[in-house]
Each structure stands twice: as C-alpha cells, then as structure tokens.
Amino acid sequence: MSMVINEWQLDVKLNCALQSAQRTDFALYLALLSPAVDESAQFFTPDALQQSAPSNLYQQLGVAQPRSYAQTEDDVVQMLRHSEAFAQGSLAQLKLAAYLNPPPLARYDNKQRIADDVWQNLSLHSRRRLQRTTPDKPQASPADLYEVLQQIHGVEAA
C-alpha cells in the first residue's frame, strides 16, 4: 500500500465517496492521505532562514511607539512650544503642533490615584481607610487592668 501525499492523486475518488455517502471508501481514502499538512498543501511556504526581515512592525512601517498617558519631563517643554505656537500663529498652528506631537492626556498614569478635588472632599475616616493607616493602639496588658481595678476598689473602700 502506498502513501498518497496530495488529494489530487486520488482524482475525484475522495469527492465521489463523500457525495455518495460511502463512508468506508471515504475513510479509506482519508487514511491514505499523508497526515503532514505541509506536504498536502498546494503552496510552498518560505523557509525560516529567509525570514530575516525585521520583525518589529513599528520599525518596518516607520511608526512611532505609542506614548503613555502620563506626563513626562519632555512634555513640559512640548506644552511650552504649543503655547508659543498658539501665541505666534493661530488655532490652526496649535492644532498642527498638537497633531505632530500630541500632549499628555493625564498628569499621572495611576489607576489607584484619586483626583485632588475628590480627595479634599472626602471625610477624614474615608481618607484614613484609603491610606490604610490606623492610629496606634496602646499596648495593654492584663496586669495594668488589675492595678486599675485595685485603685477603683481602694477608692470605694475608703
């Protein structure tokens, strides 16, 4: 029994077995086919050695890396340039400068951070809970409690 590599080597036998519901013939023809997918493919895949092109898509297309939402030190200079562009030109000049070098969207990139105006409106208990700080509790020992009870009973007896 020989190994059939491609489906076209069976002519139309596989298709006829499928159309006429001949399950045994279909199973036989299917078992004759090679299980290797790359052998039965009708196209040639390029070799792995030839794919030495740069894998970084950003470099390939010449696109800049996406910026973070937070403000950096460079953004202060950039926003100063934006204000100068607005003062010298017009709104169109500012839009062009903002499109070429977008400003930061937020001052901080922290999901857990609460805005200052919201923080100021919180109660002291809510602030303490959010900061996860609890006031220091004095260490009490049972011997101290015994002395306090003795003093109380001593005052009552006198």
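All chains use their own residue numbering, which begins from 1 and follows the written sequence. It should be noted that, the model being predicted, local features are given only for residues of pLDDT at least 70 and side-chain atom pairs only at 80 or more, the latter also being counted only at that level, while totals for whole chains, interfaces and linings use all residues. Side-chain numbers here rest on the full set of heavy atoms in the structure, without hydrogens or water.

Side-chain atoms within 4.5 Å link the members of a nonpolar core, which is a set of buried Ala, Val, Leu, Ile, Met, Phe, Trp, Tyr and Cys residues. To sort residues, take the accessible area from a 1.4 Å probe on protein chains only and compare it with the maximum for the residue type: under 20% means buried, over 50% means exposed, and anything in between is partly exposed. Grouped together as the largest cluster of nonpolar side chains are six residues: Leu 10, Leu 14, Ala 17, Tyr 29, Leu 32 and Leu 33. Elements supplying a minimum of two residues to this core: helix H1 (13-19) and helix H2 (23-32). Only DSSP runs of H or I with at least four residues qualify as helices, and only runs of E with at least two residues qualify as strands; both kinds are numbered from the N terminus onward.

Let us now look at a nonpolar patch on the surface. Where nonpolar side chains cluster on the molecular surface, the patch consists of Leu 57, Tyr 58, Leu 61 and Val 63 and spans about 400 Å² of accessible area. Structurally, Leu 57 is set in helix H4 (residues 57-61). Put simply, a patch holds well-exposed residues, over 30% relative accessible area, that have no salt bridge, with like charges counted together within 9 Å and Val, Leu, Ile, Met, Phe, Trp or Tyr side chains within 5 Å. With residues, only the protein chains shown are counted as cover, and all accessible areas are computed by Shrake-Rupley using a 1.4 Å probe. By convention in these notes, a salt bridge is any Lys or Arg side-chain nitrogen within 4 Å of a carboxyl oxygen on Asp or Glu.

What follows covers unusual backbone geometry. Positive phi, close to 60°, is recorded for Ala 21, a residue that is not glycine. Following the sequence through the fold, Ala 21 ends up in the loop between H1 and H2.

All right, on to the confidence of the model for the protein chain then. Every residue is assigned a pLDDT by the predictor, reflecting its confidence on a scale from 0 to 100. Per-chain confidence: the protein chain averages 76 in pLDDT, with 75% of residues scoring 70 or above. Within the protein chain, the lowest mean pLDDT, 60, falls on helix H3 (residues 37-40), and the highest, 89, falls on helix H7 (residues 116-121).

In total, this model carries one salt bridge according to the counting rule given. Here Arg 113 makes a salt bridge to Asp 116, at a shortest N to O gap of 3.6 Å. You can call Arg 113 partly exposed: its relative accessible area is 33%.

This next bit is on the side chain of Arg 127. In this fold, Arg 127 is placed in helix H8 (residues 124-131). For the purpose of charge, His is not counted, nor are the chain termini; Lys and Arg are scored as positive and Asp and Glu as negative. Buried and unpaired, Arg 127 has no salt bridge, with Asp 116 as the nearest side chain of opposite charge at 9.9 Å. Dropping the residues within four chain positions of it, Arg 127 is found in contact with Trp 119, Gln 120 and Leu 122. Two residues form a contact once any of their heavy atoms are found within 4.5 Å.

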